[in-house]
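What the coordinates show
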Amino acid sequence: MSLMSYAGKLALMNSLVTSLAIYPMGVLRLPPKIIEQLDKIRRHGLWKKKTETGDKSNSLAAWDMVCRPKKNGGLGVLNLKVQNDAMLLKMLHKFYNQNDTPWVKLIWDTYYSDAIPHATAPCGSFWWRELVKLMPTYRGVTKVLINDGRSTLFWKDDWNQRVLEETFPRAFSYTTTEDASVQKMLSISNIREAFHLPLSVQAHEELRALQQDVSSVTLSEGKDVWICTWGAQLFKTTDYYQFFFREVNAHAAFGWLWKAKSTPKIKVFGWFLLVDRLNTRNMLKRRHYNIGSNLDCLLCGEHIEETVEHLFFNCPFSRCCWDKVGVLWRSSGNRLSMIHAGKDG
């Protein structure tokens, strides 16, 4: 392992440790301690090196950064917790859409024949209770197309292009049926059956707006259809995994790097460069290594601190090397801006 490159260790880790965990994650929610231990094994496999004083495991990058998708600025190592949730959410998607499978029919008939699953107390086996814990997550990434309205909460589910509890908070504060289904609420003819009276002026105004909002809704035969918020009716673990990291933005240079026609070893080295995790003298100082007070670049001998930007882009020696292949970098800015400017020509 100590003789392997980081790219080789990544390939071994993904094909061995990560793949071993995939099978049980498809049906069981792994305890946090198990995931923590698996991550510990993977971290040691990636960072551990043999030294004269024994094995050392000095990580060059935070594990959260390593476990991001490549297009989001990471190394593409699978985040086990997110993947585990994604695979179990796929099972919940089959359950809520009442797929024609034996286990789905068994649970509906046994526990929820006249109830909404996420509006009842946890019940059933330990396996099902673990899936029930993911129901809030599932409802947060789905919306409902109403048919019979029996499995959808009127106030708390996203079924009319919005969550009514959030849109009409004052009206909701007066309701006596906060966990009622869409079917039940639309069948109520007397306001006293659903609200505490008298209503405040604001609540009354919201109630009138609510009545107008749902006046066009008509129930029909068939089960409610739960679809993903990103527009797909079929729930895919890869779609949820990408959706989870949707707010993690990365520079376009990361996409250029992984699409480049070079060996994985070079790409991983390029990733360390882009995220500024190479062991330059500047980095060693930030990691509190005892390297003395001289942080000057050794290649050019000038009194300039050895940073990633200087070592690879601004150092006279590096510029001479780049000249050989006809590349000229601008002399100011950070590594990402210089790479962007160099690509634009």
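Our structure is the block above this text.
What comes next is a walk through the structure. None of these values were measured; they are calculated from a predicted model.

On to the overall build of the chain. Looking only at helices and strands, the chain has 18 helices and 4 strands in total. For 345 residues, the compact-globule estimate of 2.2 N^0.38 gives 20 Å, and the C-alpha radius of gyration of the chain, at 28 Å, exceeds that figure by more than 25%. Taking the principal axes of its C-alpha atoms as reference, the chain extends roughly 85 × 45 × 35 Å. Across the 345 residues in the chain, those meeting the buried criterion constitute 40%. Sequence separation of 24 or more characterises 59% of the internal contacts of the chain that already satisfy a separation of 6 or more.

Formed by 46 residues in total, the largest nonpolar core has its most connected members in Phe95, Trp128, Phe154, Trp155 and Trp159. Apart from the residues lying within four places of it in its own chain, the contact partners of Trp155 are Val163, Leu164, Glu165, Phe168, Ala171, Phe172, Thr175, Thr177, Glu178, Met185, Phe195 and Leu210. Ranked by size, the runner-up nonpolar core spans 31 residues in total, among them Ala61, Leu75, Leu273 and Phe313.

Turning our attention to the environment of Leu28. With respect to the helices and strands, Leu28 occurs in the loop between α1 (6-25) and α2 (32-47). Placed 99 residues apart in sequence, Leu28 and Trp127 show a C-alpha to C-alpha distance of 6.9 Å. With near-sequence residues (within four places) excluded, Leu28 lies in contact with Asn84, Leu88 and Trp127.

With that settled, consider the pairing of strand β3 (residues 142-145). The side-chain alternation of β3 yields one buried face, formed by Thr142 and Val144, and one unburied face, formed by Lys143 and Leu145. As defined by bridge partners, β3 adjoins strand β4 (residues 225-228) across 4 bridges and the pair is classed as antiparallel. Counted as the bridge partner of Thr142 is Cys228 from β4.

Let us now look at the packing of aromatic side chains. Under the criterion given, the structure shown has 29 aromatic pairs. Judged by centre distance (5.3 Å) and plane angle (85 degrees), the rings of Phe154 and Trp155 are edge-to-face. Taken individually, Phe154 and Trp155 each receive the classification buried, so the pair is uniform in this respect. Ring centres 5.0 Å apart and planes at 90 degrees place the aromatic pair Phe313 and Trp329 in the edge-to-face group. Residue Phe313 is located in helix α16 (residues 308-314), and its partner Trp329 is located in the loop between α17 (316-324) and α18 (335-344); the two are separated by 16 residues in the primary sequence. On the basis of relative accessibility, which here comes to 13%, the residue Trp329 falls in the buried class. The ring of Trp258 carries the charged tip of Lys70 above its face, separated from the ring centre by 4.5 Å. Against the face of Trp256 rests Lys343, its NZ or CZ located 4.8 Å from the ring centre.

Applying the stated criterion to the full structure yields 13 salt bridges. We note a salt bridge from Lys105 to Asp109, for which the minimum N-O separation is 2.9 Å. One end of the pair, Lys105, and the other, Asp109, are both in helix α5 (residues 102-111), 4 residues apart, so they sit about a helical turn from each other. Since its relative accessible area comes to 52%, Lys105 is described here as exposed.

Outside of glycine, negative phi angles account for most residues, and trans bonds account for most peptide bonds. A cis amide bond links Leu197 to the next residue, Pro198, at an omega of 0 degrees. Structurally, the position occupied by Pro198 is in the loop between α10 (182-186) and α11 (201-214). A positive phi angle is found at Gln161, which is not glycine, with a value near 65 degrees. Mapped onto the elements of the fold, Gln161 is located in the loop between β3 and α8 (164-167). The phi angle at His288 is positive, at roughly 65 degrees, despite the residue not being glycine. With respect to the helices and strands, the residue His288 is situated in the loop between α15 (281-286) and α16. Taking relative accessible area as the criterion, His288 reaches 73% and is therefore assigned exposed.

The rules behind these values
- Residues numbered from 1 in each chain as written.
- Predicted model: local features only at pLDDT ≥ 70, side-chain atom pairs only at ≥ 80, totals over all residues.
- Heavy atoms only, no water.
- Helix = DSSP H or I, 4+ residues; strand = E, 2+ residues; numbered from the N terminus.
- Rg over C-alpha atoms; globule rule 2.2 N^0.38 Å.
- Buried < 20%, exposed > 50% of the residue type's maximum accessible area, 1.4 Å probe, protein only.
- Contact = heavy atoms within 4.5 Å.
- Core = buried A, V, L, I, M, F, W, Y, C linked by side-chain atoms within 4.5 Å.
- Pairing = 2+ DSSP bridges.
- Phe/Tyr/Trp six-rings, centres within 6.5 Å; stacked < 30°, edge-to-face > 60°.
- Lys NZ or Arg CZ within 6 Å of the ring centre and 35° of its normal.
- Salt bridge = Lys/Arg side-chain N within 4 Å of Asp/Glu carboxyl O.

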